[in-house]
Amino acid sequence: MAKRSALTRRRFLQVAATAAASSALNSCGRHAGPWRFFTPGEAGTIEALCEQIIPADQDPGATWAGTIYYIDSQLVGHFRKLQSAYRSGIAACDAACRAAHGQPFAELPFDQQTAFLQRLPNSLQPFFDMVITHTMQGFYGDARHNGNRDAVSWRMLGIPVIPIRGRDHYEFPRKG
Amino acid sequence: MSLPRVNAVVIGAGAGGGVVAKELCEAGLRVALLERGRWYTANDCRKDDLRNQRTSVLGNNSGPDDERNPRVFVDRDAKRHIVLPSEGGYSNNAACVGGGTLTYGAMAWRYQSKDFRMRSTYGAPEGSTLDDWPISYDDLAPFYEKAEYEIGVSGDVSNDPFKGPRAKPLPMPPLSPTREYEILKPAAQRLGLHPFDLPMLRNSVPYNGRPPCMRCRWCVGFVCEVDAKCGTHNTVIARALATGFCDLRLGCMVKEILTTEQGKITGVSYFDAHDRLQEQPADLVIVSGAAIESARLLLNSKSKLFPTGLGNRFDWVGRNLQGHAYSGATGLFDFDTYDDVGPGANIAICDYNHGNPGLRGGAMLANEFIRLPYQAVDMPPNGVRWGKAHKDFMRKAYRRTIKIMGPTQEMPVFDSRVQLDPSVKDFWGMPVAQLSGYQHPHTLEIAGVMAGKAEAWLKEAGAVQTWRNLPGNGISGGQHQAGTCRMGNDPKTSVVDSWCRVHDTENLYVIDGSVHVTNGGFNPVLTILANAYRASDHLVQSWKGKV
């Protein structure tokens, strides 16, 4: 539970910061919330998918690690051309869930989500594959990209977290 | 308007071009060294697992940039894809001072004698242009040695009984062993194999004024943080600049090689760092842009006398594109094999490069560089790709796997090739390279056998589970790209002569991996460096004779 509330706090701060910024700029737009690309509803679906891909157990999962922040920020950066694939993929995923279970993906219980993904309609497979790839990148990649909070995956794997900064690591006698 | 004349223009400051520039400058020639990329230093080492020259999901760290340099990749179903440098299918190497040598893994292999005599040794399989080089190991041996000493190689190959004759040992001792090394060495010996400390273009002791490797895990794909990796950027190019005869120009994209009506090469035209078109007259033009871009430049240099591009009278430019079909195996152990001591790869065997029954060649096998966590996510062999099972596997296996891989020598294929794309242009309006082709079936057969050898080694070492890593049937290329401007004595079946001079021309040379007839069962860079020394040596001799 402590982990969940940590996320809530982090999210609250981001919402607050974004709200302050947007009111200062007098901007508007449908992206109320901490997201640069996702709508709040889309974010719910992606976060649930990420957590299915890397669930919390004795080690934190993708939600705690903030993997969605990696995907969201890359979608307005290096992954810009995947925006429509995400938008339509999320819509199709939720539509398929509604048709089968009467609810969008994020509203289903965890085990029912898992069962849905294990029998995923073929048409949704490319979208899910893409989310798997990006979730793995965010969670196992460099913490600087905001999807591997506190280098949680590296700690889980038992590898040193802090890069050795080697510039002055050794001293060599100067010649002459 | 044209610039003041120089003696030589060298196009590309990578492995080949760096050596040529230094050799020509030290002989007193004035050289313009044109590089389309930038000059990165150790300060640019960012150790970003997702943005580097091997894992480029967020971009490359040493070029080329995605905005200006598309290519077209044609898949096995003849479907065309426009691909960017950071995407799969592009076959990227690098665009920067040092080229691939800035960020490579830096294995420093000499090919074996038989690698220069593949057709004589084995005969070409049907559907392959497998052939002999017009030069032999003995021709190249002194220049291999020069490359080892001038660029800097550590390791100990004295225990490799399959190597060609060599006059001197390597200039630096090997790095100290890692846990993987201690596990794999006795296992190989029990199998009757001949393991040894593989040669690396990496300082193990202070050498050439630079410090030794500090053993971090961010090596292959990254700029070295302590400048211990030896490339052309911190050796020969620095020496070329020190002569005062080398004018290194960055951000310069060569448009075409210029010729007179009589077919004499007069220089090049290029877009400078401000995208202004410049003309650079020169007595000699040396193309060192690596197999894909060198072929593209020759094909883009059309004139009345050379309507299909320079050196392309018999349609051989861009043909025989090859790299290596990497294959091997991964082994899972019930104890920790990981010790976080880089660069990782350090033990090799050459027992299977030749002499495999029914096979034409083979591969050197060595343990892999450290796999960063994201590079390990597709490791599970059982199709598990997500969910708790995947996380469990990562937790269980990440510190307990060893991967052995080898660059299988490819059977060259005439239709695996670089062409000019008919419609897609780069930022400057030049037709881009279009890549198409396939792996010869015999290459895949050899790769399969090599994977089995790797698996057997891992099992002997105590792996509780092993699985094979096999190449696909699409073209390779990438960092090991080679073959597109084949060296040969017959102008009808090659592009350059044995001194790397383009047939039909007097003063145009291609000096890089493009000229490799075959690419050995080894990483090719030391051969590119050695051949550049050899070709430069001849160039200087003939220049002096001329003056």
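Reading the values: the criteria
- Residues numbered from 1 in each chain as written.
- Chains lettered and ligands numbered in written order.
- Predicted model: local features only at pLDDT ≥ 70, side-chain atom pairs only at ≥ 80, totals over all residues.
- Helix = DSSP H or I, 4+ residues; strand = E, 2+ residues; numbered from the N terminus.
- Buried ≥ 20, exposed ≤ 12 C-beta atoms within 10 Å, placed from the backbone.
- Contact = placed C-beta atoms within 7 Å.
- Rg over C-alpha atoms; globule rule 2.2 N^0.38 Å.
- Pairing = 2+ DSSP bridges.
- Axes fitted to C-alpha atoms, helices over the stretch in contact; angles between N-to-C directions.
- Domains from an automatic or database assignment.
- Nonpolar A, V, L, I, M, F, W, Y, C, P; charged D, E, K, R; others polar.
- pLDDT = per-residue confidence, 0-100.
- Expected span 1.5 Å × (residues − 1).
- Parallel < 35°, antiparallel > 145°, perpendicular 65-115°, else oblique.
- Left-handed = near helix turned anticlockwise from the far one by under 90°.
- Core = buried A, V, L, I, M, F, W, Y, C linked by C-beta atoms within 7 Å.

Examining the overall build of chain A
Secondary structure assignment for chain A yields 8 helices and 0 strands. The proportion of buried residues among the 176 residues of chain A is 32%. A separation of at least 24 residues holds for 55% of the contacts in chain A among residues at least 6 apart in sequence.

Digging into the overall build of chain B
A count of helical and extended segments in chain B gives 9 helices and 18 strands. In summary, chain B has a C-alpha radius of gyration of 22 Å against a globular reference of 24 Å for 547 residues, a match within 12%. Dimensions of chain B, computed from the C-alpha atoms along their principal axes, are close to 70 × 50 × 45 Å. In chain B, buried positions account for 59% of the 547 residues. Taking all contacts inside chain B whose residues are at least 6 apart in sequence as the whole, residues at least 24 apart take part in 72%.

Structural notes on the sheet that holds strand β3 (residues 71–74) of chain B
All names here are of chain B. On the basis of which strands lie adjacent, the open sheet formed by 4 strands has the order β4-β3-β16-β15 and mixed pairing. At either margin of the open sheet sits one strand with a lone partner, and together these are β4 (80–83) and β15 (417–425). Pairwise comparison of adjacent strand axes, ignoring direction, gives a mean angle of 35 degrees for this sheet. Where β3 and β4 come together, 4 bridges link them in antiparallel fashion. Each bridged residue has a counterpart across the sheet, and for Phe 73 the counterpart in β4 is His 81.

Points about the pairing of strand β16 (residues 431–436) of chain B
Residue and element names in this part refer to chain B. Bridge count for β3 against β16 is 2 bridges, and the pairing is parallel. The residue bridging Phe 73 from the neighbouring strand is Leu 435, located in β16. As judged from the 5 bridges shared by β15 and β16, these two strands associate in the antiparallel manner. Residue pairing in the sheet places Leu 420 in a bridge with Ala 433 of β16. What sits between the antiparallel neighbours β15 and β16 is a turn of 5 residues, in which Gly 429 has the positive phi angle 90 degrees.

Looking at the domain arrangement of chain B
All names here are of chain B. Looking at the assigned domains, one finds that chain B contains domain 1 (1–46 + 95–104 + 109–152 + 231–323 + 415–431 + 479–547) and domain 2 (156–224 + 325–408 + 438–474). Where the side of domain 1 that touches domain 2 is concerned, the elements lending two or more residues are α2 (118–122) and α3 (137–152). When the residues that make up the side of domain 1 that touches domain 2 are grouped by side-chain class, the tally is 14 nonpolar, 12 polar and 5 charged.

Looking at the confidence of the model for chain B
On average, residues of chain B score 97 in pLDDT, and 99% of them reach the 70 mark or higher. For this predicted complex, the interface confidence score (ipTM) comes to 0.95, while the overall pTM stands at 0.93.

Quick notes on the interface of chain B and chain A
Opposite the 26 residues of chain B that make contact, chain A presents 29 residues. Class assignment of the residues belonging to the side of chain B that touches chain A gives a composition of 14 nonpolar, 2 polar and 10 charged.

Concerning the pairing of strand β1 (residues 6–11) of chain B
All names here are of chain B. Within β1, 5 of the 6 residues are buried, which leaves the element mostly enclosed by the surrounding structure. Relative to strand β10 (residues 277–287), β1 runs parallel, the two sharing 5 bridges. Bridging from a neighbouring strand, Val 10 pairs with Ile 286 of β10. Bridge count between β1 and strand β2 (residues 31–34): 4 bridges; the pairing is parallel. Residue pairing in the sheet places Ala 8 in a bridge with Val 31 of β2.

A look at unusual backbone geometry
Residue and element names in this part refer to chain B. Along the chain, Gly 63 connects to Pro 64 via a cis peptide bond; the corresponding omega equals -5 degrees. Turning to its location among the elements, Pro 64 is positioned in the loop between β2 and β3. Pro 343 follows Gly 342 through a cis peptide bond whose omega is -5 degrees. With a phi close to 50 degrees, Lys 47 is a non-glycine residue in the positive phi region. Its location among the elements puts Lys 47 in the loop between β2 and β3. For Asp 275, which is not glycine, the phi torsion reads 60 degrees and is therefore positive. Mapped onto the elements of the fold, Asp 275 is located in the loop between β9 (265–271) and β10. For Asp 275, a count of 11 C-beta atoms within 10 Å translates into the label exposed.

Thoughts on the sheet that holds strand β5 (residues 154–156) of chain B
All names here are of chain B. Across the sheet, 7 strands lie side by side as β5-β6-β12-β13-β14-β11-β17; this open sheet has antiparallel pairing. With one partner strand each, in any of the chains shown, β5 and β17 (465–469) form the two edges of the open sheet. Shown here is a sheet whose adjacent strand axes are inclined to one another by a mean of 30 degrees, direction ignored. Contacts from helix α4 (residues 179–190) reach β12 (347–349), β13 (365–367) and β14 (401–408), with the element oriented near 25 degrees to β12.

Looking at helix α1 (residues 15–26) of chain B
Within an α-helix, residues lying three or four positions from one another point in the same direction, as the helix has 3.6 residues per turn. All names here are of chain B. Over its 12 residues, α1 extends 17 Å from the first C-alpha to the last, a length consistent with the 16 Å expected when each residue adds 1.5 Å. With 11 of 12 residues buried, α1 is to be regarded as a mostly interior element. One or two residues past the end of α1 sits Gly 28, with phi positive at roughly 95 degrees.

What about the environment of Phe 116 of chain B?
Turning to its location among the elements, Phe 116 of chain B is positioned in the loop between β4 and α2. Those residues in contact with Phe 116 of chain B, other than ones at most four positions away along the chain, are Tyr 111, Asp 132, Trp 133, Ile 135, Ser 136 and Tyr 137 of chain B.

Observations concerning the packing of helix α4 (residues 67–75) of chain A against helix α7 (residues 125–140) of chain A
Residues and elements named next belong to chain A. It is at 8 Å that the axes of α4 and α7 come closest, and there the two elements cross at 115 degrees. Taken as axis vectors, α4 and α7 run roughly perpendicular relative to one another. Here α4 runs over α7; the crossing is right-handed. Judged by residue contacts, Thr 67, Tyr 70 and Ile 71 of α4 engage His 134, Thr 135, Gln 137, Gly 138 and Phe 139 from α7. Per-class residue counts for the contact of α4 with α7 are 3 nonpolar, 5 polar and no charged.

Here's the deal with the nonpolar core
Residue and element names in this part refer to chain B. Ranked by internal contacts, the top residues of the largest apolar core, which has 192 residues, are Val 31, Tyr 509 and Leu 529. Of the residues forming this core, the biggest block, 9 residues, is contributed by helix α9 (residues 525–546). If we skip the residues at most four places from it in the chain, Val 31 touches Val 6, Asn 7, Ala 8, Val 10, Ala 21, Leu 24, Cys 25, Phe 245, Cys 246 and Asp 247.

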